[in-house]
Amino acid sequence: DGAPNFRQVHLTGSTKTVSVYGVAMPTESAIDGVLSRIPTLTKTLWVCLREEPVVYVNGRPFVLRQVKDPITNLEMTGIPSRRVESMEVRLKEDVLQESVSSGRVLLHEEAEDGSGVVAVWEPVESGECVQTMADLYAKSTTSARCLFKRVAITDEQSPIPTVFDQLSGLITAALDAGFTAFVFNCQMGRGRTTTGMVIASMLVHQRA
């Protein structure tokens, strides 16, 4: 619930079983729900593959979009992941600043019939109502056993070579460090998520 397209595959490596999970962008409450499906003592690497700056408002994720094209994700191929995370911090600050006078912020959601977007006023009662992804994963009740990383990949594209190397290097280092669970997520949990799952699976099989 709150974590669409959740799925998993168990792989047998050279010495242990490694589990690879995929999921769409979870709500705040669903983060611990996903991690609760992973055995308690398992070292877990969670990699978000979204290139778009994301901010959570009252536990739901929203992304930065262009006014002239609110349905299409921003494309910034090759942008460093740390830059995306810094944009999220700034986006959080902007949302909080906008909500100061009225205690609410104007957001937009996609219409259920896919015809466009609809405006909604979302209450912001305190600074805790607005959080970045890093904020949420840091305060997760299971964060002590889960390492969160960001690797920015453009939607509907293969990762460019430098990003592919970054992602495969991150997975390899985690395998060397004894991690046996990998969670990948993007917007819908299908394209970029599947890419991450396949790369992880290949690296595990390579060690078998």
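Scroll up to find the structure.
Only a predicted model underlies this, so the values are computations on that prediction, with no experimental measurement involved.

For the structure on display, the rule yields ten salt bridges. Among the salt bridges present, the one from Arg50 reaches Glu52, with a minimum N-O distance of 2.6 Å. Residue Arg50 is classed as buried on the basis of its relative accessible area, which comes to 3%. A residue is classified by how much of its surface remains accessible, and Glu52, at 1% relative accessible area, is buried.

The sheet built from five strands is open, its strands ordered β1-β2-β10-β3-β9 with mixed pairing. The outermost strands of the open sheet, each flanked by one partner alone, are β1 (7–12) and β9 (146–153). Pairs of neighbouring strands in the sheet enclose a mean axial angle of 20°, with direction left out of account.

In terms of strand pairing, strand β6 (residues 104–110) meets strand β7 (residues 117–123) through seven bridges, oriented antiparallel. Each residue of the ladder has a partner; that of Leu107, found in β7, is Val120. In this antiparallel pair of consecutive strands, β6 and β7, the connection spans six residues, and Gly114 shows a positive phi of 75°.

Okay, the nonpolar core next. Considering soluble globular proteins, one finds that nonpolar side chains tend to be buried as a cluster. By size, the foremost hydrophobic cluster in this structure holds 22 residues, and its most contacted members are Val47, Val151, Leu167, Ile171, Phe182 and Phe184. For this core, the secondary-structure elements that each account for two or more residues are β2 (17–23), β3 (44–50), β9, α4 (161–176), β10 (181–185) and α5 (191–207). For Val47, the contacting residues outside a window of four places in its chain are Lys149, Val151, Leu167, Leu170, Val183, Phe184 and Asn185.

In this model, Asn5 sits at a positive phi of 60°, which is unusual for a non-glycine residue. Summarising the element assignment, Asn5 is placed in the segment before β1. Residue classification places Asn5 among the partly exposed positions, given a relative accessible area of 42%. Unlike most non-glycine residues, Glu156 shows phi in positive territory, near 65°.

This part takes up the sheet that holds strand β8 (residues 130–132). Taken in spatial order, the three strands make up an open sheet running β5-β4-β8, and their pairing is antiparallel. Each edge of the open sheet is held by one strand with a lone partner, namely β5 (60–63) and β8. Pairs of neighbouring strands in the sheet enclose a mean axial angle of 35°, with direction left out of account. Pairing of strand β4 (residues 54–57) with β8 involves three bridges; the strand directions are antiparallel. Within the sheet, the bridge partner assigned to Val57 lies in β8 and is Val130.

In this section: α4. Between the first and last C-alpha of α4 there are 22 Å, a value that for 16 residues agrees with the 22 Å anticipated at 1.5 Å per step. Three or more residues of α4 are buried, namely Val163, Leu167, Ser168, Leu170, Ile171, Ala174 and Leu175. Axial view of α4: buried residues confined to an arc of 150°, hence all on one face. Those residues of α4 that are exposed and angled more than 90 degrees off the buried face are Pro161, Thr162, Asp165 and Asp176. Tucked into the core, α4 has its buried residues touching β2, β3, β9, β10 and α5. Following α4 by one or two positions, Gly178 adopts a phi angle in the positive range, close to 90°.

Calculation rules
Residues numbered from 1 in each chain as written. Predicted model: local features only at pLDDT ≥ 70, side-chain atom pairs only at ≥ 80, totals over all residues. Heavy atoms only, no water. Salt bridge = Lys/Arg side-chain N within 4 Å of Asp/Glu carboxyl O. Buried < 20%, exposed > 50% of the residue type's maximum accessible area, 1.4 Å probe, protein only. Pairing = 2+ DSSP bridges. Helix = DSSP H or I, 4+ residues; strand = E, 2+ residues; numbered from the N terminus. Axes fitted to C-alpha atoms, helices over the stretch in contact; angles between N-to-C directions. Core = buried A, V, L, I, M, F, W, Y, C linked by side-chain atoms within 4.5 Å. Contact = heavy atoms within 4.5 Å. Expected span 1.5 Å × (residues − 1). Arc of directions from axis to C-beta.

Honestly, that's just the spatial picture; any functional story needs more than this.
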